[in-house]
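Architecture at a glance
Listed here are the chains, written in short residue letters.
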Number of protein chains: 2
Amino acid sequence: MNTNKTYAERAARHPNACAKQLFELMERKKTNLSVAADVTTKKELLAVADAVGPFVCVLKTHIDIVEDFDQDLVDQLVALSKKHDFLIFEDRKFADIGNTVKHQYGKGIYKIASWSHITNAHTVPGEGIISGLREVGLPLGRGIILLAEMSTKGALTQGAYTTESVAMARRNQDFVFGFIAQHKMNESDDEDFVVMAPGVGLDVVGDSLGQQYRTPHQVILESGCDVIIVGRGIYGKPDEIEAQATRYREAGWNAYLERVRQHQ
Amino acid sequence: MNTNKTYAERAARHPNACAKQLFELMERKKTNLSVAADVTTKKELLAVADAVGPFVCVLKTHIDIVEDFDQDLVDQLVALSKKHDFLIFEDRKFADIGNTVKHQYGKGIYKIASWSHITNAHTVPGEGIISGLREVGLPLGRGIILLAEMSTKGALTQGAYTTESVAMARRNQDFVFGFIAQHKMNESDDEDFVVMAPGVGLDVVGDSLGQQYRTPHQVILESGCDVIIVGRGIYGKPDEIEAQATRYREAGWNAYLERVRQHQ
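Let me begin by describing the structure that accompanies this report. (Residues numbered from 1 in each chain as written. Chains lettered and ligands numbered in written order. Predicted model: local features only at pLDDT ≥ 70, side-chain atom pairs only at ≥ 80, totals over all residues. Heavy atoms only, no water.)

A few points about the pattern of salt bridges
Applying the stated rule across the entire model yields 40 salt bridges over all chains. In this structure, D50(A) engages K83(A) in a salt bridge whose closest nitrogen and oxygen atoms are separated by 3.1 Å. In this pair, D50(A) is assigned in helix 3 (residues 42–52) and K83(A) in helix 4 (residues 71–84), connecting sequence segments 33 residues apart. The exposure class assigned to K83(A) is exposed, which follows from its relative accessible area of 56%. Notably, a salt bridge pairs D226(B) with R10(B), separated by 2.7 Å at the nearest N-O pair. Highlighted residues: D226(B) in the loop between helix 8 (216–222) and strand 8 (227–230) and R10(B) in helix 1 (residues 7–13), separated in sequence by 216 residues. Each member of the pair, D226(B) together with R10(B), is buried. Connected through shared salt-bridge partners, R10(A), D192(A), D226(A) and R259(A) make up one network. (Salt bridge = Lys/Arg side-chain N within 4 Å of Asp/Glu carboxyl O. Helix = DSSP H or I, 4+ residues; strand = E, 2+ residues; numbered from the N terminus. Buried < 20%, exposed > 50% of the residue type's maximum accessible area, 1.4 Å probe, protein only.)

Structural data, given as structure tokens:
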């Protein structure tokens, strides 16, 4: 089972360029931490990116909540991703028909495909969404992950929905390299999906709008996810960013080391 | 069954301000036609809005595919909606957790809630998505519709997914007034959801990215939908816009009149 191998071993064998790049980076920086930068100004987003940059493998953005977005923000984000060696993951959650997402991904004000290494899509519109995104992203060396499970209360990503989503990913492994999910999705030795888990926290249980949290230990060791996504737990208090990023990075990495150790 | 009453009767009794406004407008202009303006420049979007304006009840936009979006585009769209008497429906297909969609709806570059009378949301993240959007939209008199069914091949909006989506709408009728769907959703006399049907065409069967089409007769008369959404079939050929808009408006309105007649 690829889930239980080292990130380096998985990088060496992975057929998807984007996944390979990610696993190599994780091994090189010794981190499986992703920070979700849910801030609404350019200044804050760049500050968070620069502060957490040394600790993360992936910076997750919501570019469309930034009030003063401009092209310079993108240029600076890309520069920070090179400076600190992380990938950018625009958490767009595409959810439209193929012909529309093609435009949303490649065009408009944001031109997401031009700067975001990874993005994601819901499977609810059917497989056409993957075909539409692929037309734009694959020539640029991008990859996408699918939302097979959500961590919110009452999410409809269950049963047949999840099964179908995984089947879509299996049929599109040239472009789809993983999932947003709460547990590992690999079922056979010939597949190696990267699972990124949102809703990770060490100190909180939930918020008032339905989000529910689990610990790095739970998501990496018990559930077999590969990347932990943490939000305000890390940058909520500006003077604690470095300490919290270190804390989460260690929690995630130790859980991963323990997983590898248990399966050697 | 409210579905089979006139739009005027439904306007008179509807508890939701946004739905009431829509039904009144439909009756006043004698149209159940919505045009999906899937164009990528400000100039084209304004041209389509001005040309189809007299014929539609709702102009459906994808603001995030417009390459040269600016605040002036919004100002001009709002002016056209007043000039021609139509509502704007930003087809954003929100699909994130409550705390994120709140920002995506009210903030960022687009500030969708400030100008779009109607928007829509997927139910896949669970009911928190409605709570998040409501916090922003309800104070502004906005309403949302949910995606209970999609017209694309292999869409996962079926079975329990659709049932759960309708249940969420029933529990949130102060803010949710309808659906994007392929058939009527009303089951009892005390509910009156507006159903807007995409994928409507008189001349085409499908595209290469999974979209499938049905006629106004099928969606209004046979399936009990309320608004037909038509795209390039209307504005694909610039010199035929008026003729095609007239044709679809008549097809949709006649199907509606026939439905009312059959149930008198």
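So, the interface of chain A and chain B
Residue-level contacts link 48 residues of chain A with 48 residues of chain B. At the boundary of chain A with chain B, total buried surface from both sides reaches about 3,800 Å², with 60% on carbon and sulfur atoms. Our enumeration of links across chain A and chain B arrives at 6 salt bridges. With a closest N to O distance of 3.3 Å, K111(B) and E67(A) form a salt bridge. Where chain A meets chain B, there are 14 residue pairs in polar contact (both at pLDDT 80 or more). When contributions to the side of chain A that touches chain B are tallied by element, the ones reaching two or more residues are strand 3 (87–94), helix 5 (98–106), helix 6 (128–137) and helix 7 (160–170) of chain A. The dominant element in the side of chain A that touches chain B, judged by the number of residues it contributes, is helix 5 of chain A, at 6 residues. (Contact = heavy atoms within 4.5 Å. Buried area = accessible area lost by both parts, 1.4 Å probe. Polar contact = N/O pair within 3.5 Å; in protein donor to acceptor, adjacent residues only side chain to side chain.)

What about the packing of helix 5 of chain A against helix 6 of chain A?
All names here are of chain A. For the pair helix 5 and helix 6, the least separation of the axes is 7 Å and the interaxial angle reads 35°. Read as a crossing pair, helix 5 and helix 6 show a hand that is right-handed. In this structure, helix 5 contributes G98, V101, K102, Y105 and G106 to the contact, and helix 6 contributes G128, I129, G132, L133, E135, V136 and G137. Taken together, the residues of the contact of helix 5 with helix 6 sort by class into 5 nonpolar, 5 polar and 2 charged. (Axes fitted to C-alpha atoms, helices over the stretch in contact; angles between N-to-C directions. Left-handed = near helix turned anticlockwise from the far one by under 90°. Nonpolar A, V, L, I, M, F, W, Y, C, P; charged D, E, K, R; others polar.)

Comments concerning empty space enclosed by the protein
Taking a probe equal in size to a water molecule and rolling it over the atoms shows the remaining empty space. For the structure shown, the criterion picks out 3 cavities of 30 Å³ or more. There is about 80 Å³ of room inside the largest cavity. Along the walls of the largest cavity sit D64(A), R92(A), Q104(A), Y110(A), I112(A), I63(B), D64(B), E90(B), R92(B), Q104(B), Y110(B) and I112(B), which together make up its complete lining. Its residues assigned to classes, the lining of the largest cavity comprises 5 nonpolar, 2 polar and 5 charged. Reported here for the second largest cavity is a volume of approximately 40 Å³. (1 Å grid on protein atoms, 1.4 Å probe; cavity = no way out; pocket = protein on both sides within 12 Å on 5 of 7 lines; lining within 4 Å. Points joined across faces, edges and corners; volume = space filled by probe spheres on them.)

Just distances and angles here, no functional claims.
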